[in-house]
Amino acid sequence: MSTTTLKTTKLAAAVGTALTVASLTAQAATFEADVNAQYRASAFGVQNKDVGAQTDKETGLSHLLRLGADFENEETGIQLFTSVNVAGERWQGDRYNKVPHQHYDNTVRSSDLTLDYAYVTVPVSERGKINVGRQKSSFNNCFLVCDGRRDRVSYHHALTDTLTGIINYDRKQDKDAFNRIDNGDLVYVGFLGKVNNLDVGFINFNYFNNYEGVPGANENPYAFSGMHMISTYIGGNVTEDVKLTLGLNYNNDGKVKPSTTIDHTNKGKNFSKASFATYLRAEADLGRVGLGLQYVATIDGGLISPGFDTYSSLINNNPDATASPTSMYRMGGELGLRKADDQLIAAKVSYKATDKVTLGAALGNLNIKRANSNSSTVSDDSMFYDVSASLQANQHLRVWSTLGLLEKNKVGQLSGNPHLFDENGGKVVGGFATKPVIAASLNMELSF
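Notes on the structure follow. Only a predicted model underlies this, so the values are computations on that prediction, with no experimental measurement involved.

What counts and how
Residues numbered from 1 in each chain as written. Predicted model: local features only at pLDDT ≥ 70, side-chain atom pairs only at ≥ 80, totals over all residues. Heavy atoms only, no water. Helix = DSSP H or I, 4+ residues; strand = E, 2+ residues; numbered from the N terminus. Buried < 20%, exposed > 50% of the residue type's maximum accessible area, 1.4 Å probe, protein only. Contact = heavy atoms within 4.5 Å. Areas by Shrake-Rupley, 256 points an atom, 1.4 Å probe, with all protein chains shown as cover. Patch = residues over 30% accessible without salt bridge, like charges linked within 9 Å, V, L, I, M, F, W, Y side chains within 5 Å. Salt bridge = Lys/Arg side-chain N within 4 Å of Asp/Glu carboxyl O. Disulfide = S-S within 2.5 Å.

**Examining the overall build of the chain**
Here is step 1: Secondary structure summary: the chain contains one helix and 20 strands in total.
Here is step 2: Across the 448 residues in the chain, those meeting the buried criterion constitute 39%.
Here is step 3: For the chain, restricting intrachain contacts to residue pairs at least 6 apart in sequence, the fraction spanning at least 24 positions comes to 59%.
Here is step 4: Just so you have it, the chain exposes about 23700 Å², and 57% of that area is on carbon and sulfur atoms.

**A look at a nonpolar patch on the surface**
Here is step 1: Taken together, the side chains of L198, I234, V238, L244, L246, L280, L293, Y295 and I345 make up a nonpolar region of the molecular surface, amounting to roughly 760 Å² of accessible area.
Here is step 2: Of all the secondary-structure elements, those providing two or more residues to the nonpolar patch are β11 (242-252) and β13 (289-299).
Here is step 3: Its place among the elements puts L246 in strand β11.

**Things to note about the state of the cysteines**
Here is step 1: Taken as a whole and judged by the stated rule, the model has one disulfide.
Here is step 2: Here C142 is linked by a disulfide to C146, with a sulfur-sulfur distance of 2.3 Å. Between C142 and C146, the S-S torsion sits near 60°, and that sign places the bridge as right-handed. This pair shows no difference in class: C142 is buried, exactly as C146 is.

**Some remarks on the side chain of N443**
Here is step 1: Along the chain, N443 turns up in strand β20 (residues 437-447).
Here is step 2: With residues near it in sequence (within four places) discarded, N443 still touches A41, S42, R398, V399, W400 and S401.

**A short note on the pattern of salt bridges**
Two side chains with opposite charge may pair up if their charged atoms get near one another.
Here is step 1: Summed over all chains, the structure comprises 21 salt bridges.
Here is step 2: In this structure, D147 engages R149 in a salt bridge whose closest nitrogen and oxygen atoms are separated by 3.0 Å.
Here is step 3: Note on D147: relative accessible area 23%, which makes it partly exposed.
Here is step 4: Close ionic contact of R171 with D185 constitutes a salt bridge, the shortest N to O distance being 3.4 Å. Here R171, found in strand β7 (residues 163-173), pairs with D185, found in strand β8 (residues 184-195); they are 14 residues apart in sequence, far enough to count as distant.
Here is step 5: D185 sits in the buried class, given a relative accessible area of 5%.
Here is step 6: What emerges from the salt-bridge pattern is a single network uniting R66, D116, D147 and R149.

Next comes the structure, spelled out in structure tokens:
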């Protein structure tokens, strides 16, 4: 027997032994595994004549691929939840040259693998469990956070069969070693669930006070150091078919102060003063017809998640983990700025044309107010109009389209979305003072 053949035989035997041992180990530690996958593709077009770029129209294609695997040990009840982003980018064709994602192989034209979430759940009693790792996060009907990802340690305890208490620690930022002022960490306590058939939730947040004062030239503290925040909601049926929901976000006492030259452009920034945001929503399910009516407001730069459903495809509706290509304006993103007030009144209707096809329409009015001096404000109103259609082909495949128009506004500024960026990776932003903004999308999502 030649030396090469002998080495090959030994290698095959070693691999076989390893596989046998792994198999026996898996049998000894019995667990259940669930593999899941999500793929989304979007084609979109946006027109904004005030964007100040080379053209006033933009079209594009984006896609997202996530693969996950969840495991549970049957004896201990310990669970591991995992998901990775395999692709999540705008299609750029053969000339993929996004600077932060250079590759050793120039035939690879996609971003590197990134972590979506990964966390362990450990039962500690019949009613309590500890969760450790990067976790999914949504709260207050997406008014506070919508499909976010948080690095956290949390304890959940079943107070009743329908109500859960939560104690939580988050690390939201930690850029540099031996630079504690840039750390963004917080603790919160709260509860969510049902009480007497009412949906309820309450969370009290306190950010650690890692910095206080006006930042110096070489200081970059976490913007919300020391901030106090409360988010709460209550909802329930007032009749058999009609449900009301009321929600609130409150922010105050941020310790990172604006610059010593405080004027109307930065007064109250970083939630150094009290800010509020609220919504009141009424929705009805009338067989094949669904109705919705809501009022949404921010006061003094109150906080609203980008993912909150405003009924408009152009206003918010932009979840953290699955950004929308047609979201162009952000309510609730002024971070405590004094006299930065937005108000929205919106209505929607949906019609289930068949068991698989749903049609929708919405309209509303957005009022935007900002300070233009230390003693005066300016405001303007914009109507919005939306139509949509969706096909739930089967339990795995969904196809839908949106078309929306947001009328011109001399005060508001667009925030854009991660699908729209310049050559340096920055979002394309601008005003819409003279012309309306129009956006459309065609989307497909497959999930297993």
